[in-house]
Amino acid sequence: MEAGEYDETLGAMETIQVPKRSELIGRYLLIGRHISLAIFEAPSEESLLKITHPFREIGVPHVAPALPLEDALKMMEKM
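Reading guide: rules and limits
- Starting afresh in each chain, residues are numbered from 1 along the sequence in its written order.
- Whole-chain, interface and lining totals are the exception, using all residues; otherwise, since this is a predicted model, local features are given only for residues with pLDDT of at least 70 and side-chain atom pairs are given and counted only at 80 or more.
- Note that water and hydrogens are dropped before the side-chain values are worked out from all heavy atoms of the structure.
- Numbering of helices and strands starts at the N terminus; helices are DSSP runs of H or I of at least 4 residues and strands are runs of E of at least 2.
- Each residue gets one of three labels from its accessible area relative to the maximum for its type: buried under 20%, exposed over 50%, partly exposed in between, using a 1.4 Å probe on protein chains only.
- Any two residues whose heavy atoms approach within 4.5 Å at even a single point are treated as in contact.
- For this analysis, a salt bridge means a side-chain nitrogen from Lys or Arg found within 4 Å of a carboxyl oxygen belonging to Asp or Glu.
- A pair of strands counts as paired when DSSP detects no fewer than two bridges linking them.
- Values of pLDDT, the confidence the predictor places in each residue, fall between 0 and 100.

(A) Structural detail: the overall build of the chain. Of regular secondary structure, the chain possesses three helices and two strands. Mapped in sequence order, the helices and strands of the chain form the string α-β-β-α-α. Sorting the 79 residues of the chain into buried and exposed places 13% on the buried side. Here the contacts in the chain between residues at least 6 apart in sequence split such that 32% fall between residues at least 24 apart.

Okay, here's the thing in structure tokens:
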């Protein structure tokens, strides 16, 4: 991270507006990877884009939708 980007990142974190029906589950730092991770429960992709929008100037947010393993296995059984 370049000088000044840390303050910019913290500023962006303070401007996150979590849309209705969305919830921050937790924030983590991946040790040794220099990556921070935030997990949200959100009803749509649009909600996730609203959450990641403040970070558009300082990096590319990676959005990876996920399902609980049990739910995914039940869906796959129906395929």
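(B) View of the pattern of salt bridges. By the definition in use, this model includes one salt bridge. Here K50 makes a salt bridge to E46, at a shortest N to O gap of 3.7 Å. Note that K50 and E46 are positioned in helix 2 (residues 45-52) at a spacing of four residues, about one turn of the helix.

(C) Structural view of the environment of H62. In this structure, H62 sits in the loop between helix 2 and helix 3 (69-78). We classify H62 as exposed; its relative accessible area is 73%. Along the chain, H62 and T52 lie ten residues apart, while their C-alpha atoms are 8.8 Å from each other.

(D) Seen up close, the pairing of strand 1 (residues 23-30). When strand 1 meets strand 2 (residues 35-41), the two strands line up antiparallel, connected through seven bridges. Counterpart to L24 in the pairing with strand 2 is F40. Linking strand 1 to strand 2, which pair antiparallel, is a turn of four residues; within it G32 sits at a positive phi near 80°.

(E) Structural view of the side chain of S22. Its place among the elements puts S22 in the loop between helix 1 (5-15) and strand 1. Apart from residues lying up to four places away in sequence, S22 is in contact with E41, A42, P43, S47 and I51.

(F) A look at the environment of I35. Position of I35 among the secondary structure elements: in strand 2. By relative accessible area, which is 33% here, I35 ends up partly exposed. When neighbours within four sequence positions are excluded, I35 is seen to be in contact with Y28, L29 and L30.

(G) Here's a closer look at unusual backbone geometry. Positive phi, close to 70°, is recorded for R21, a residue that is not glycine. Position of R21 among the secondary structure elements: in the loop between helix 1 and strand 1.

(H) Region of the structure containing the confidence of the model for the chain. Put simply, the chain has an average pLDDT of 77, and 73% of its residues get 70 or more. Predicted confidence in the chain is weakest over helix 1, with a mean pLDDT of 60, and strongest over helix 3, with 93.

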